[in-house]
Amino acid sequence: MARQERAIRTRRAVVEAAAAVFAERGYTAATIAEILDRAGVTKGALYFHFDSKEALARGVINAQISDDYWIPRELKLQEWVDIGMTLAHRIPKEVILLAGIRLSADLQGRSLFGSAWPAWTELVTEKLVEAKERGEVLPHVTPQETAECFLGAWIGTQFMSEVVSDWTDLNDRISVLYNHVLPAIATPAALIRLDTAPDRGARVVEEVERRRQEAQEREPLVDTGA
């Protein structure tokens, strides 16, 4: 068990170090040597988890798609909103997300390590399909088309925020994006119940962290026999 925990910590350290280097330098200029230095691990430890720089980039991209901050809601459309708003809140603070953005937009590198865009499109499509089955989405809406359209708008909004404000207005911009898209796809009954405020992501993150803390406090103490 201790060995497994060490392996998990080592992998996480390598992914975070690679993300920091990719976010700062891009894929082409990043070197394994610098990633090793940032991670503070041996070359053997790195190659145990990732056999190439391309594999490292894929690891960073895959680490973006996580359900750590997803909370089931009565409305599936609210779950979709919450995923987007928590991302908007977290992107300026988390290097793995920043690196994933840069790697996914690397048109030359994408042939080597792929992109997060297909996974995000699939996730949004799934949420919209569920929402449509529950009567939250208008009958004429095609979930796959909406997901692809939204992703394109998201990427442009993200880029605008980075260029104009260094991410400081991303919450506001993504809130505006949802407020423009949702009236075109949501039923009136669902639309009036949705929370798309700019601080929605921050509130969801706080809720998740509070639940984690409460769960830890409820865990029984382990009797070691000491």
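Here is a short report on the structure shown in this document. (Residues numbered from 1 in each chain as written. Predicted model: local features only at pLDDT ≥ 70, side-chain atom pairs only at ≥ 80, totals over all residues. Heavy atoms only, no water.)

### Things to note about the nonpolar core
Put simply, the rule is: Residues enter a nonpolar core if they are buried and are Ala, Val, Leu, Ile, Met, Phe, Trp, Tyr or Cys, with the set joined through side-chain atoms within 4.5 Å. Only protein chains enter the calculation, and the probe is 1.4 Å; a residue is then buried if its accessible area is under 20% of its type maximum, exposed if over 50%, and partly exposed in between. Think of it this way: any DSSP run of H or I at least four residues long counts as a helix, any run of E at least two long counts as a strand, and we number them from the N terminus. The criterion used for residue contact is that any of the two residues' heavy atoms lie within 4.5 Å.
In this structure, Phe22, Leu56, Leu77 and Trp80 are the most contacted members of the largest nonpolar core, which totals 59 residues. If you list the elements that add at least two residues to this core, you get helix H1 (2-29), helix H2 (32-39), helix H4 (53-64), helix H5 (76-90), helix H6 (95-104), helix H8 (117-133), helix H9 (143-165) and helix H10 (170-185). Of the residues forming this core, the biggest block, 8 residues, is contributed by H1. Among residues more than four places away in sequence, those in contact with Leu77 are Leu128, Ala131, Glu136, Val137, Leu182, Ala186, Ala190 and Leu194. Grouped together as the second largest cluster of nonpolar side chains are 5 residues, Tyr69, Val204, Val205 and Val208 included.

### As for the layout of surface pockets
Test applied: Using a 1 Å grid laid over the protein atoms alone, points where a 1.4 Å probe fits but cannot get out form a cavity; open sets with protein on both sides within 12 Å along at least 5 of 7 lines form a pocket; any residue with an atom within 4 Å of a point counts as lining. Grid points are joined across faces, edges and corners, and a volume is the space filled by probe spheres set on the points.
Here the largest pocket is characterised by a volume of approximately 530 Å³. Taken together, 30 residues form the lining of the largest pocket, with Ile91, Ile101, Trp117, Trp154 and Gln158 sitting closest to its centre. Looking at the lining of the largest pocket, the elements that each hand over two or more residues are H5, H6, H8 and H9. The element best represented in the lining of the largest pocket is H9, accounting for 8 residues. Its boundaries defined by the atoms lining it, the second largest pocket holds a volume of some 260 Å³. Surrounding the second largest pocket, 13 residues form its lining, Arg12, Asp68, Arg90, Glu94 and Ile96 being those nearest its centre. Breaking the lining of the second largest pocket down by element, the ones donating at least two residues are H1, H4 and H6. In terms of residue count, the dominant contributor to the lining of the second largest pocket is H6 (3 residues).

### With respect to the packing of H1 against H2
Here is the rule we go by: Here the axes come from fitting lines to C-alpha atoms, over the contacting stretch only for helices, and the angles between their N-to-C directions go from 0 to 180 degrees. Small angles under 35 degrees read as roughly parallel and large ones over 145 as roughly antiparallel, with 65 to 115 read as roughly perpendicular and the rest as oblique. Note on convention: near helix rotated counterclockwise from far helix by under a right angle means a left-handed crossing. Clockwise means right-handed. Following the grouping adopted for this structure description, the nonpolar residues are Ala, Val, Leu, Ile, Met, Phe, Trp, Tyr, Cys and Pro, the charged ones are Asp, Glu, Lys and Arg, and the polar ones are all others, Gly among them.
For the pair H1 and H2, the least separation of the axes is 8 Å and the interaxial angle reads 130°. With respect to their mutual orientation, H1 and H2 come out oblique. As for the relative orientation of H1 and H2, their crossing is right-handed in sense. On H2, the residues touching Ala13, Val14, Ala17, Ala18, Ala20, Val21, Phe22, Glu24 and Arg25 of H1 are Glu34, Ile35, Arg38 and Ala39. Here the residues of the contact of H1 with H2 are counted per class, giving 9 nonpolar, no polar and 4 charged.

### Quick notes on a nonpolar patch on the surface
Selection criterion: Note that patches include only residues with greater than 30% relative accessible area and no salt bridge, and the join distances are 9 Å for like charges and 5 Å for nonpolar side chains (Val, Leu, Ile, Met, Phe, Trp, Tyr). To be clear on the numbers: accessible area is Shrake-Rupley with a 1.4 Å probe, and residue cover counts the displayed protein chains and nothing else. A carboxyl oxygen of Asp or Glu within 4 Å of a side-chain nitrogen of Lys or Arg is what we treat as a salt bridge.
Where nonpolar side chains cluster on the molecular surface, the patch consists of Phe159, Met160, Val163 and Val164 and spans about 400 Å² of accessible area. On the secondary structure map, Phe159 appears in helix H9. Residue classification places Phe159 among the exposed positions, given a relative accessible area of 52%.

### A word on empty space enclosed by the protein
Tallied over the entire structure, the rule returns 1 cavity of 30 Å³ or more. Considering only enclosed or pocket space, the largest cavity measures out at about 40 Å³ in volume. Taken together, Gln64, Ser66, Trp70, Ile83, Thr86, Leu87, Arg90 and Trp120 form the lining of the largest cavity. Sort the elements by how many residues they give to the lining of the largest cavity and H5 lands first, with 4 residues. Considering only residue class, the lining of the largest cavity consists of 4 nonpolar, 3 polar and 1 charged.

### Comments concerning H4
Threshold: By this rule, a helix spans an expected 1.5 Å times one less than how many residues it contains.
The end-to-end C-alpha distance of H4, which contains 12 residues, comes to 17 Å, matching closely the 16 Å that a straight helix rising 1.5 Å per residue would cover. Of all the residues in H4, the buried ones are Lys53, Ala55, Leu56, Ala57, Gly59, Val60, Ile61 and Gln64. Where the residues of H4 are buried, they touch H1, H2, helix H3 (43-49), H6, helix H7 (110-113) and H8.

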